[in-house]
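Observations on the three-dimensional arrangement
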Amino acid sequence: MGWSVHLRAGSSRGDVRGCTVQLPGMTGSLSRRALRLISQLPSVCSFPGSRQQAFGRLLPAGRAPSSGSAVGPSSPSLITTPIFYVNATPHIGHLYSAVLADALYRAKILLGHEAKFATGTDEHGLKIQQAAEAAAEDPLEFCSRVSKEFRTLFQQSLVSYTDYIRTTEERHKNAVQHFWCVLRDEGYLYEGTYEGWYSVPDETFLSDSQVVERKDAYGNLIKVSMESGHKVEWTKEENYMFRLSEFRPMLLDWLKKNPFAICPEKFHHLVVHWLQEEIPDLSVSRQRNRLKWGIPVPEDSTQTIYVWLDALVNYLTVAGYPEDHNPWCSGVHHIVGKDILKFHAIYWPAFLMAAGLQLPKQIYVHSHWTVNGQKMSKSLGNVIDPMERFSVYTADGFRYFLLRQGVPETDCDYYDDKVLKVLNAELADALGGLLNRCTGTRMNPDQVYSPFSTHCFPKRPYMGHSSRATIEDYKMIQLVEQLPLDVEHCFEKFQIYKALEAINFCIRLTNGFFQRHAPWKLDRKNAEDCCWLDTVLHVTLECLRVYGILLQPVIPALANKLLSRLAVGPQERGWRHLNFLAKYHNSICPFEGRKLGPDSGLLFNRLERTDKRQSKAQGRC
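None of these values were measured; they are calculated from a predicted model.

For the rest of this paragraph, the subject is the overall build of the chain. The number of helices and strands found in the chain is 17 helices and 22 strands. For the chain, with 621 residues in total, the buried portion stands at 58%. Of the contacts formed within the chain by residues at least 6 apart in sequence, a portion of 76% connects residues at least 24 apart. For the chain, the accessible surface area stands at approximately 26,500 Å², while carbon and sulfur atoms represent 52% of it.

Structure follows, in structure tokens:
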């Protein structure tokens, strides 16, 4: 037996009195309200051309607005992580979600857009209630202690959130209860009996098809969630139900009209696949005698609001709901792990449709990290503590590794040898080495941003011209000029790893340029040699300036150190300041002749293995 919902007609706590109509090809029935909404969907979700049109206003309850990428240039963006459950201390998976969101937020700011960035902790639910009891702590004190650990991690890892939300805050309780009342008043909640499987660790209800039988550590047969592997228990409760089943056609229509609403594409297809089958109505409350640690249902002291409904509303809370959230509704970008995709791509849009609110512009989904080919597990003792790794790799180094090696489409494997190899090769040697070579006192004794000569490096190579620039040099210039657009495009597609790959490729080309012309061999007493030496240094410094600006969303501290060494001021580090090789394009370069910033040592120190016992197992993404 799986889901079983029994309606009570005429219940004082639910609306089940409306007539229902059977839809061809569908089991169950939909209310006339839902049928009317479905008939309106084509006009509601239409969008001009090939770019989806986002809405920046409230719509009648139940309407399904379109999400998409064509919000006006002044429309603000709200970047969110999932709020993290405080049943355990933070690990690499939490940090990965946070630095992905932080990089996207910093990129928005770099491009000159208005943006907010919210993260925080999810502090209600049966799992928290049980964990607090096991620790002999008051639930709020337990939550505050663990939430502080997340906040400390994010501060240490340079995660620049603008709002940190805790679901135990009064502003959130008010938002959740208001949202509940909207769903209730619109007729999307009713009283029923839920009978089926429930996973306490996942805080989720499961059908028979989502449960499998396995043996526990003692050889006993138990039922577990197919997705998470967590033990499930059979439960039967009188709860409030949400009419989720009515929204399946609207969800499919939304995804059809907005093919980039869920990114990467494989996860978009996965959600569409899920929606090919009927979806049952969703229990959205628990009996308060079972779950006391949560937000009470308004006007019903016997029920507690389901933790996932509670948690998802945090995205409205940080936007200012219910008072002044509207300006932020058209540009919401959620960053979530694949394990909570269903909650964000099915439940959450359905809740928003029911309440007449704007759908998220995009849901960015990432996969998980394994360790030496194994799933992270306390029992295996292989959970990666980010704070420990910061002391070895630095916060910027660890951020770079996660964003450089993390591929959202697939699970990625972590092992320390891989971190060392990536950071030594790309930050210490390629980027740091290039900076040292062109700013060292031997190569640049005057410590200035060297001048550029169009005579030595004309915009186009001419036959018989005395220019020493080669075809490879012109190709490099072209690629570095194109790099900002390539990076922007990668960020838009949630492919930060590809943006870093493109930057690293250009860094290697610039090292090749510097090595090819060997400026250390030039005669400073020869006027032509001296002119060419300055030009080589100028081109290299300009490339480094571009890389420093583009790397700010990923390694903010190292990028600041690099740009400060190049004497690029804080107000000269935006997207509009890139203006690569201005003199090459017969314009004025504001940096030429400027004294370099102070030498603060190596950009990034090479790393050495400290634990000889660590595995060298092959890791892959």
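There is more to say after this.
Hydrogen bonding along the main chain pairs the strands of a sheet, whether they run parallel or antiparallel. Here three strands make up an open sheet; going across it, the order is β21-β20-β22 and the pairing mixed. Two strands bound the open sheet, and with one partner strand each, they are β21 (374–375) and β22 (412–414). Sheet analysis places strand β20 (residues 369–371) next to β21, joined by two bridges and oriented antiparallel. When the bridges of β21 are listed, V371 appears paired with Q374.

Attention now moves to unusual backbone geometry. Of the consecutive residues C263 and P264, the connecting peptide bond is found in the cis state with omega at 0°. Relative to the helices and strands, P264 resides in the loop between β13 (262–263) and α7 (265–274). With an omega dihedral of 5°, the bond running from Y321 to P322 counts as a cis peptide bond. Note on placement: P322 falls in the loop between α9 (314–317) and β18 (332–337).

On to the side chain of H268, then. Among the secondary structure elements, H268 is positioned in helix α7. Not counting residues within four places of it along the chain, the set of residues in contact with H268 comprises L255, N258, P259, A261 and I262.

Relative to the assigned elements, H124 resides in the loop between β6 (115–122) and α3 (126–134). Taking relative accessible area as the criterion, H124 reaches 6% and is therefore assigned buried. There is a polar contact of 2.6 Å between the side chain of H124 and the side chain of D310. Other than its neighbours up to four places away in sequence, H124 contacts Y85, T167, T168, W293, G294, I295, V307 and D310.

Another point: the confidence of the model for the chain. Looking at the chain as a whole, its pLDDT mean stands at 85, while 85% of the residues score no less than 70. Low pLDDT, under 50, characterises residues 34–72; the stretch is placed with 102 contacts to residues that sit more than four places away or in other chains. This model gives residues 612–621 a pLDDT under 50, and the stretch forms 26 contacts once residues within four places in sequence are excluded.

Inspection of every chain in the model, using the stated rule, returns 30 aromatic pairs. With centroids separated by 6.2 Å and ring planes inclined at 70°, the aromatic side chains of F179 and Y321 adopt a geometry described as edge-to-face. With a gap of 142 residues between them, F179 in helix α5 (residues 170–185) and Y321 in the loop between α9 and β18 connect regions that are remote in the sequence. Centre to centre, the rings of F452 and F457 are 6.1 Å apart; their planes meet at 35°, and the pair counts as tilted. One exposure class covers both F452 and F457, and it is buried. Connected via pairs of aromatic rings, a cluster forms that spans Y96, W369, F390, Y393, F398, F401 and Y414. For the cation-ring pair, R151 lies above Y164, with the distance from its terminal atom to the ring centre recorded as 4.0 Å. Between the NZ or CZ atom of K342 and the centre of the ring of W274, over which it lies, the distance is 4.8 Å.

The rules we used
Residues numbered from 1 in each chain as written. Predicted model: local features only at pLDDT ≥ 70, side-chain atom pairs only at ≥ 80, totals over all residues. Heavy atoms only, no water. Helix = DSSP H or I, 4+ residues; strand = E, 2+ residues; numbered from the N terminus. Buried < 20%, exposed > 50% of the residue type's maximum accessible area, 1.4 Å probe, protein only. Contact = heavy atoms within 4.5 Å. Areas by Shrake-Rupley, 256 points an atom, 1.4 Å probe, with all protein chains shown as cover. Pairing = 2+ DSSP bridges. Polar contact = N/O pair within 3.5 Å; in protein donor to acceptor, adjacent residues only side chain to side chain. pLDDT = per-residue confidence, 0-100. Phe/Tyr/Trp six-rings, centres within 6.5 Å; stacked < 30°, edge-to-face > 60°. Lys NZ or Arg CZ within 6 Å of the ring centre and 35° of its normal.

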